[in-house]
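# Remarks on the overall topology
One-letter residues, chain by chain:
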Amino acid sequence: MSNSNGAPEPRMELPERVEKGDLLLSVRNLRTHFRVRDGIVRAVDGVSYAIERGKTLGLVGESGCGKSVSALSVMRLIRPPGDIVEGEVMWQDRDLRTLSDREMRSVRGDEISMIFQEPMTALNPVFTTGNQIGEVLREHRDFTRKQRYERTIEVLRLVGIPQPEQRIKAYPHELSGGMRQRVMIAMALACEPQLLLADEPTTALDVTIQAQILELIREIRARTGMALLLITHDLGVIAEMADDVAVMYTGEVVEYADVGSLFAAPKHPYTRGLMTSIPSLMTDRAERLSTIRGSVPHMMRLPLGCLFQSRCPDAMNICRDNRPQLQRLEDGRTVRCHLYPQRPSGHDGEPLPQARATAGSAAS
Amino acid sequence: MATETAGSGNGVSDDVLVSVQKLTKHFPVRGGILLRTIGHVHAADEVSFDIKRGETFGLVGESGCGKTTVGRTILRVYPPTSGDIYFGGEDVSKLDRKVLARNMQIIFQDPYGSLDPRITVGGIIGEGLEVHGIGSPDERNEQIREIMDIVGISSHYAQRYPHEFSGGQRQRIGIARALVLRPQFLVCDEPVSALDVSIQSQILNLLRDLQGEFGLTYLFIAHNLAVVRYVCDRVAVMYLGKIVEQADTPELFGNAIHPYTRALMDAIPVPDPSEQRERLIIPGELPSPTNPPQGCRFNTRCAVVQDVCFNEEPPLRDFGDGHLVACHVAEDFDRRGTALPQLSSEMHDAITDSVRSSTTD
Ligand SMILES: Nc1ncnc2c1ncn2[C@@H]1O[C@H](COP(=O)(O)OP(=O)(O)O)[C@@H](O)[C@H]1O
Ligand SMILES: Nc1ncnc2c1ncn2[C@@H]1O[C@H](COP(=O)(O)OP(=O)(O)O)[C@@H](O)[C@H]1O
Ligand code: SF4
Ligand SMILES: [Mg+2]
Ligand SMILES: [Mg+2]
């Protein structure tokens with residue numbers, strides 16, 4: 001792990017505790033861009049996050065903010081016109097970006113697995129459940145046919161699929177949404193990965209089925225010590241499942257903290273807006289809901305300064321032209337916002353003297 | 001004590017705008033090479049409720065339980081299989097379609113699919129005025145501009161096309177289209193489910209403002225209980241084509257009685273990491289609506305199921321102040337706020353297995 005200039009500059013992108021943890025996965029300054037007809041979509045633009053062994057990192061943010069792309073980048077599943085243009089993806093002591101395709105294939109599905117947002121795109125409609133799980137095992141394990149069959153039955157049972165001996169013959173379209181999601185999880189767990197990337201694993205499901213799937217993931221996590229990257233836009237799911245949370249907005253992480261601190265005192269205006277605008281079972285019915293005004297800016301027409309400025313209730317002059325850097329606050333979390341003092345030199349080396357002056361007077 | 005709700009007859013009281021009486025809607029299921037009818041989807045079965053003038057009545061339940069079917073049948077998008085609907089005391093089946101359309105409108109879930117991409121926003125909003133021959137072209141344009149401003153879309157954009165707008169703005173356009181005829185009653189079918197979280201609250205506030213401004217009555221359909229609790233005055237919970245519980249909102253959320261309602265509430269993730277809960281997780285999945293279980297339709301997943309639940313369909317009974325519950329053992333859970341017992345894992349497996357075998361074909 002080294003900087004572009006090799007200097008041992010302290011890294012401030014991650015919360016202090018995470019930085020010091022026993023990191024299984026560490027993504028640094030990841031940039032994944034899509035070259036489209038009228039320009040470049042900076043889907044993921046300088047994102048850093050890390051997951052400790054056995055821990056769960058929640059990734060939240062509105063659709064289009066780059067959650068799926070940042071997970072797919074780890075798996076090296078970005079296809080043209082997309083490309084990882086910068087950053088490192090440290091998996092234990094290897095940078096996954098430097099692996100050959102063959103080496104990467106042996107990591108994928110074995111050490112790291114992913115549950116995809118769209119079950120039907122991940123499951124092949126012409127193969128049975130058994131074939132698909134068997135295929136993963138064939139790729140990564142020197143099993144006999146019989147061992148493969150037994151392991152398949154075992155993982156189907158593990159994910160709560162009744163009568164696995166029959167289900168193994170079912171095609172994806174013969175399964176309900178909840179069952180399909182379980183099959184995807186079974187596939188992802190077949191080789192007992194150390195890390196599971198779960199991209200909106202319950203978004204398409206009803207709440208009672210969601211509760212079943214989350215409980216299942218929790219159980220497996222507790223039993224195997226598997227680490228989890230959980231992508232969702234549901235703050236309730238985050239609160240119940242995550243140890244740490246990274247909040248994303250238009251391709252950037254805007255706040256990153258442990259789950260307790262984040263919910264107790266959200267710092268970024270976007271995080272605050274998200275938390276107060278969603279009705280919960282506690283919301284006062286007589287009050288108007290607070291809102292985040294406007295909508296997410298178009299990815300091809302991003303402003304010069306803070307990407308949240310047009311919607312921010314706290315925006316100041318400095319926010320217009322100066323992109324805030326991720327800063328570590330005293331409690332160890334990181335926030336990307338001029339309301340908090342900016343360090344003199346950002347990661348990109350942009351000096352921000354005015355920033356400090358204005359932010360200093362605005363911060364309370 | 002609980003009393004049977006009387007079949008309300010046709011006498012619809014004055015403060016009721018929409019009265020739904022024993023509404024049943026079955027869809028034929030066709031199969032074989034001759035596409036003969038081989039069964040029926042029981043999308044809604046004997047659903048009854050009254051919506052009072054100016055209130056928001058909520059229908060909640062998981063996908064496939066029949067919410068949209070009820071909403072659309074009220075609007076006569078689908079003819080009912082049986083049962084009656086009264087609007088302002090009048091039998092809807094005897095009303096002219098144009099009269100209906102002027103009085104009842106719908107907002108759809110999908111702000112992308114529900115707007116014709118080839119028509120300008122002004123054209124989409126004004127279509128109803130044109131169809132009903134309301135006003136001169138100039139007057140119509142004036143009305144379009146006015147309603148656009150009311151829903152928060154600048155009327156300068158009347159000549160633009162739907163794809164130029166974000167999801168939240170499109171939903172505003174859908175609301176403008178529904179309101180331009182100044183209806184009294186609006187079916188809001190999952191109006192925020194497809195929207196990003198930061199946009200949902202904008203639309204919910206708008207719907208609330210419009211209700212105050214125009215004295216609107218809403219049927220609000222959603223699967224998100226927290227949204228329903230915030231928006232609705234009264235709520236009915238549906239399961240597999242049936243209403244299983246109905247009450248005023250504070251009563252329902254403070255004293256849910258039906259085991260399904262309680263499981264549904266329990267399943268909602270709470271955005272508070274300091275709260276560690278032991279939650280009741282109901283096993284299995286929704287049985288097939290083509291062949292709903294005998295007796296209580298929830299019997300394949302219920303934690304407190306009794307023998308009687310397999311034989312007799314529980315009627316909706318009034319537990320006081322219009323809190324209706326359809327459960328044989330509801331008395332045991334009334335006014336106590338007690339936790340439902342957890343299922344043993346054997347029972348869990350047995351039920352899951354029986355559910356699977358009943359829904360696979
Ligand atoms: N194949 C692609 N071509 C062009 N743009 C893409 C492609 N895939 C994703 N994007 C863009 O990247 C951004 C991030 O997408 P994604 O990671 O899927 O968002 P999220 O998962 O947070 O909803 C979006 O603006 C999306 O339009
Ligand atoms: N036009 C239709 N033809 C056949 N079946 C339908 C039709 N519309 C809905 N259904 C079925 O009726 C049941 C209830 O559907 P719906 O009213 O859409 O439920 P919800 O809105 O609660 O998700 C489902 O099983 C659904 O598949
Ligand atoms: S930097 Fe400025 S505009 Fe951006 S979130 Fe902070 S206060 Fe708001
Ligand atoms: Mg995504
Ligand atoms: Mg529906």
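Here, every reference points to the structure presented above.
Residues numbered from 1 in each chain as written. Chains lettered and ligands numbered in written order. Predicted model: local features only at pLDDT ≥ 70, side-chain atom pairs only at ≥ 80, totals over all residues. Heavy atoms only, no water.

A word on the side chain of Q200(B). Within the fold, Q200(B) resides in helix 6 (residues 197-214). A polar side-chain atom of Q200(B) sits 3.2 Å from the main-chain carbonyl oxygen of V192(B). (Helix = DSSP H or I, 4+ residues; strand = E, 2+ residues; numbered from the N terminus. Polar contact = N/O pair within 3.5 Å; in protein donor to acceptor, adjacent residues only side chain to side chain.)

Before going further, it helps to spend a moment on the site of ligand 3. With respect to spatial proximity, 13 residues lie near ligand 3, and among them C306(A), C312(A), C319(A), C337(A) and H338(A) are the closest. In the shell around ligand 3, the residues fall into nine nonpolar, three polar and one charged. (Near = heavy atom within 4 Å. Nonpolar A, V, L, I, M, F, W, Y, C, P; charged D, E, K, R; others polar.)

On to the interface of chain B and chain A. Contacts between chain B and chain A engage 44 residues on the former and 48 residues on the latter. Carbon and sulfur atoms make up 56% of the surface buried where chain B meets chain A, a total of about 3,900 Å² over both sides. In terms of surface lost to chain A, no three residues of chain B exceed V197(B), R229(B) and Y230(B), which account for 15% of the buried area on that side. A salt bridge links R288(A) to D209(B); the nearest nitrogen and oxygen atoms lie 2.5 Å apart. Where chain B packs against chain A, one counts 24 residue pairs in polar contact (both at pLDDT 80 or more). Here the side of chain B that touches chain A takes nine residues from helix 6 of chain B, the largest share from any one element. (Contact = heavy atoms within 4.5 Å. Buried area = accessible area lost by both parts, 1.4 Å probe. Salt bridge = Lys/Arg side-chain N within 4 Å of Asp/Glu carboxyl O.)

So, on to the coordination of the magnesium ion (ligand 4). With distances of 2.0 to 2.4 Å, the protein atoms coordinating the magnesium ion (ligand 4) are S68(A) (OG) and Q117(A) (OE1). Here S68(A) is found in helix 2 (residues 67-74), whereas its partner Q117(A) is found in the loop between strand 6 (112-115) and helix 4 (119-122), with 49 residues between them in sequence. (Donors = N, O, S within 2.8 Å, 3.2 Å for Na, K, Ca; no water.)

This paragraph deals with the environment of D93(A). Residues and elements named next belong to chain A. One can find D93 in the loop between strand 4 (82-91) and strand 5 (94-95). The class of D93 is exposed, set by a relative accessible area of 68%. Along the sequence, D93 and L24 sit 69 residues apart, while their C-alpha atoms lie 8.7 Å from each other. (Buried < 20%, exposed > 50% of the residue type's maximum accessible area, 1.4 Å probe, protein only.)

All names here are of chain A. P80 connects to P81 through a cis peptide bond whose omega is 10 degrees. Its identity is not glycine, yet R76 carries a phi of approximately 55 degrees, on the positive side. Along the polypeptide, R76 turns up in the loop between helix 2 and strand 4. A residue is classified by how much of its surface remains accessible, and R76, at 17% relative accessible area, is buried. In this structure, Q163 is a non-glycine residue whose phi angle is positive, near 45 degrees. In this fold, Q163 is placed in the loop between helix 6 (145-158) and helix 7 (164-167). Of the residues examined, Q163 reaches a relative accessible area of 28% and is grouped as partly exposed.

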